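# Reading the structure
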Amino acid sequence: MSKIKIAMKFTVENVTKPITYHLIKDYNLLINILNADVSLNKTGKLIADIEGRDEDIKSGLEFLGRHNVEYKILQDIIVLQEDSCVHCGACTAVCPTGALSMNTEDWSLTFDQEKCMVCRLCIKACPLRVLRVSDNGVE
Amino acid sequence: MAYKSWEEINEKIQSGKVVVVTAEEVIKIVEEKGVKKAAEEIDVVTTGTFGPMCSSGVFLNFGHSDPPIRMCRVWLNGVRAYAGVAAVDAYLGATEPSESAPMEYGGAHVIEELIAGKDIDLYAESYGTDCYPRKQIKTTINKYNINQAFMFNPRNAYQNYSAATNMSDRTIYTYMGTLLPNGGNITYATSGELSPLLNDPEYRTIGIGTKVFIGGTHGFVAWEGTQHNPGQVRAENGVPIGPAGTLALIGDIKKMSTRYIRAGVFEKYGITLFVGIGIPIPILDEDMLIKTTVRNRDIITTIVDKSGKYGVVGTVNYEQLRSGKVELNGRIVPTAPLSSLKMSREIAEVLKNQIKNGLFTLTKPVEKLPSEAKVNKLEIRGHGNE
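Residues numbered from 1 in each chain as written. Chains lettered and ligands numbered in written order. Predicted model: local features only at pLDDT ≥ 70, side-chain atom pairs only at ≥ 80, totals over all residues.

### Examining the overall build of chain A
When helices and strands are tallied, chain A shows 3 helices and 8 strands. Listing each helix as α and each strand as β along chain A from the N terminus yields β-α-β-β-α-β-β-β-β-α-β. C-alpha atoms of chain A, sized along the principal axes, occupy 45 × 35 × 25 Å. (Helix = DSSP H or I, 4+ residues; strand = E, 2+ residues; numbered from the N terminus.)

Following this line, the structure appears as structure tokens:
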């Protein structure tokens, strides 16, 4: 079993197709949608974690290619240098997925890597410059 | 109503018998014990705040070289400092951008590095005088080899502040952080019920000469802060609705710690300085105790459209802001803080322990802060503006 994070782009034509359904049903993939902006007659974007057997992931990606769904495997991850963070919360203002959020008990910043779609908005929103992007080496 | 004097409280601090709690802890204690009993028991309530405060900077005296120079233009690590004072005095403002990386490095970073004890490049120019013949100097300084380095912040510790949103259709970049289009988010500052001036809304105990915790050391309230606006509209509990009182603070940066003073950058806005401040409030009587039990839900502020389009677009209390979402114009909008509550709590806690251990006594103000001033606008006047 492997897990990858991908960003898909739908054209106006394929935005109506049940793409995720096929990935799940035909390729036996576990899909966790992290962020989606898909509406009729518009180009759409979807970011998801995909988990499954290596050969299924490969076939699923080929399926996307056949249906003109552009995709990019997200290899980068956001890294938080916790010891330099002052927990102000400015980064949470721009995080679209809630990966960066405030723990309302002790008001420390929490970072949930799983929810992160590597949009990088937080990097510049952080006044202390303690968030950076790093290649985590995923093929 | 029983009255406890400043002297009595200081005697208790000296003898180690003082009872100190934070502005968060006091709420529950008063709830359990009642005002009368709690006012008898509690001597001091500590507050804390840690947030971006642009109106900050340091006065420096470099010492004289041989031959001496009357510095006219001064750069520290490539950041201009104001040298229009005596020969080797200068003021370095926190928001001054560097000439090489104006949106990444500035006065605040130099201040943080000075506090950290690092060497700073000093370059200064002069026209040369009979008494100060040198025209140029290039050397390095640090906090150990210069004469003085004291922080003098014209405006800190704002008593309440407006929350910010953006009603325009594009993302805007402000000193209140990145604001998403169409009211996409709300940011807010101040530490709410822990914030110094919100616990002494009528400036009964915080005034000129008050000893404070600033940047990890002890400093003082030097004056009212700039834009001090005690005349702000107030709720029934006396707490202002929106920005009101401010403090000008002074403290020795040679004794400060980078844990409590940090440089920051707001994207496409510029440089700022996060300043950690804590102020103790003596519980002189029941009224003072009641003031320190202010809760987040009792502190109301305005939500201002920072795109400049609509002005005030709503009001909200800090409990709502802290909940992470607020209703604005019928929509649920996510909120994000800009002041660190975690650090504010730490400061209130550190100050509490310093007082308990006899390391911090209270100072009665030598003069009260103005209670009636109002803020003027800058009108565009003069020839060609009619």
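### Section: the overall build of chain B
Secondary structure summary: chain B contains 7 helices and 24 strands in total. For 386 residues, the compact-globule estimate of 2.2 N^0.38 gives 21 Å, and the C-alpha radius of gyration of chain B, at 22 Å, lies within 12% of that figure. In terms of overall dimensions, chain B has C-alpha extents of about 70 × 60 × 40 Å along its principal axes. When the 386 residues of chain B are sorted by exposure, 48% land in the buried category. Across chain B, every contact between residues at least 6 apart in sequence was considered, and the portion connecting residues at least 24 apart equals 72%. (Rg over C-alpha atoms; globule rule 2.2 N^0.38 Å. Buried ≥ 20, exposed ≤ 12 C-beta atoms within 10 Å, placed from the backbone. Contact = placed C-beta atoms within 7 Å.)

### Regarding the packing of helix 1 (residues 19–27) of chain A against helix 2 (residues 54–66) of chain A
All names here are of chain A. The N-to-C vectors of helix 1 and helix 2 enclose an angle of 145 degrees; their axes lie 10 Å apart at closest approach. As helix 1 runs across helix 2, the sense of the crossing is right-handed. Residues His 22, Leu 23 and Tyr 27 of helix 1 form the contact with helix 2, whose own contacting residues are Asp 56, Ser 59, Gly 60 and Phe 63. Grouping the constituent residues of the contact of helix 1 with helix 2 by class yields 3 nonpolar, 3 polar and 1 charged. (Axes fitted to C-alpha atoms, helices over the stretch in contact; angles between N-to-C directions. Left-handed = near helix turned anticlockwise from the far one by under 90°. Nonpolar A, V, L, I, M, F, W, Y, C, P; charged D, E, K, R; others polar.)

### Here's the deal with the domain arrangement of chain B
All names here are of chain B. Split by domain assignment, chain B resolves into domain 1 (21–53 + 152–356) and domain 2 (63–146). Centre-to-centre separation of domain 1 and domain 2, based on C-alpha positions: 33 Å. Within the residue set of the side of domain 1 that touches domain 2, elements represented by two or more residues are strand 18 (261–266) and strand 19 (270–278). The biggest single contributor to the side of domain 1 that touches domain 2 is strand 18, with 5 residues. Across the side of domain 1 that touches domain 2, the residue classes tally to 7 nonpolar, 5 polar and 2 charged. (Domains from an automatic or database assignment.)

### A closer look at unusual backbone geometry
The omega torsion across Asp 66 of chain B and Pro 67 of chain B is -5 degrees, close enough to zero to call that bond cis. Mapped onto the fold, Pro 67 of chain B is located in the loop between strand 4 (57–61) and strand 5 (73–76). Residue Asn 68 of chain A is not a glycine yet carries a positive backbone phi of 55 degrees. Turning to its location among the elements, Asn 68 of chain A is positioned in the loop between helix 2 and strand 4 (70–73). The exposed category is assigned to Asn 68 of chain A, around which 12 C-beta atoms lie within 10 Å.

### Considering the interface of chain B and chain A
Reports often express the size of an interface as the amount of accessible area lost when the parts come together. Contacts between the two partners involve 23 residues from chain B, matched on the other side by 18 residues from chain A. Counting only elements with at least two residues in the side of chain B that touches chain A, the list comes to strand 3 (49–52), strand 13 (177–179), strand 18, strand 19, strand 24 (331–337) and helix 7 (341–356) of chain B. With 4 residues, strand 18 of chain B is the largest single contributor of residues to the side of chain B that touches chain A. Taken together, the residues of the side of chain B that touches chain A break down into 11 nonpolar, 8 polar and 4 charged.

### A short note on the sheet that holds strand 2 (residues 30–37) of chain A
Residues and elements named next belong to chain A. Pairing in this open sheet of 4 strands is antiparallel, and the strands run 2-3-1-4 from one edge to the other. A single partner strand is all that each edge strand has here, and the edge strands are strand 2 and strand 4. Across the sheet, the mean angle from the axis of one strand to that of its neighbour is 25 degrees, orientation sign disregarded. Of the strand pairs in this sheet, strand 1 (residues 2–10) and strand 3 (residues 44–52) are connected by 9 bridges, and their pairing is antiparallel. Bridge assignment links Lys 3 to a residue of strand 3, and that residue is Glu 51. (Pairing = 2+ DSSP bridges.)

### Quick notes on the nonpolar core
Grouped together as the largest cluster of nonpolar side chains are 138 residues, with contacts concentrated most on Cys 91 and Cys 122 of chain A together with Val 44, Leu 76, Leu 92, Ile 111 and Leu 273 of chain B. In this view, Leu 92 of chain B contacts Gly 57, Val 58, Leu 60, Leu 76, Val 79, Ala 81, Gly 107, Val 110 and Ile 111 of chain B; residues no more than four positions away in its chain are not counted. (Core = buried A, V, L, I, M, F, W, Y, C linked by C-beta atoms within 7 Å.)

### Concerning the environment of Leu 341 of chain B
Within the fold, Leu 341 of chain B resides in helix 7. For Leu 341 of chain B, a count of 26 C-beta atoms within 10 Å gives the class buried. When the C-alpha positions of Leu 341 of chain B and Gln 227 of chain B are compared, they lie 24 Å apart, and in sequence the two are 114 residues distant. Contact partners of Leu 341 of chain B, with chain neighbours within four places excluded, come to Trp 107 of chain A together with Ser 191 of chain B.

### Comments concerning the environment of Val 30 of chain B
Residue and element names in this part refer to chain B. Mapped onto the elements of the fold, Val 30 is located in helix 2 (residues 25–33). Sequence separation between Val 30 and Val 313 is 283 residues, and the spatial gap between their C-alpha atoms is 35 Å. Once you skip the residues sitting within four places of it in the chain, Val 30 turns out to touch Val 35, Ala 38, Leu 289 and Thr 293.

### Re the sheet that holds strand 6 (residues 79–81) of chain B
All names here are of chain B. In spatial order, the strands read 6-5-8-9; together these 4 strands make up an open sheet with antiparallel pairing. The sheet is open, and its two edges are formed by strand 6 and strand 9 (136–141), each paired on a single side. Each strand axis lies, on average, 25 degrees off the axis of its neighbour in the sheet, ignoring direction. Contacting strand 5, strand 6 and strand 8 (120–125), helix 4 (residues 107–115) crosses the sheet at an angle of about 125 degrees to strand 8.

### Regarding helix 1 (residues 6–15) of chain B
All names here are of chain B. Residues of helix 1 that are buried include every one of Ile 9, Asn 10 and Ile 13, and no others. Along helix 1, the residues classed as buried sweep out an arc of 95 degrees about the axis, all on the same side. Seen from the buried face of helix 1, the exposed residues on the opposite side, beyond 90 degrees, are Glu 7, Gln 14 and Ser 15. Those residues of helix 1 that are buried are in contact with strand 2 (44–46), strand 20 (280–282) and helix 7. (Arc of directions from axis to C-beta.)

### Structural notes on the domain arrangement of chain A
What the domain assignment reports for chain A is domain 1 (2–73) and domain 2 (77–135). Look at where the C-alpha atoms of domain 1 of chain A and domain 2 of chain A centre, and you get two points 26 Å apart.

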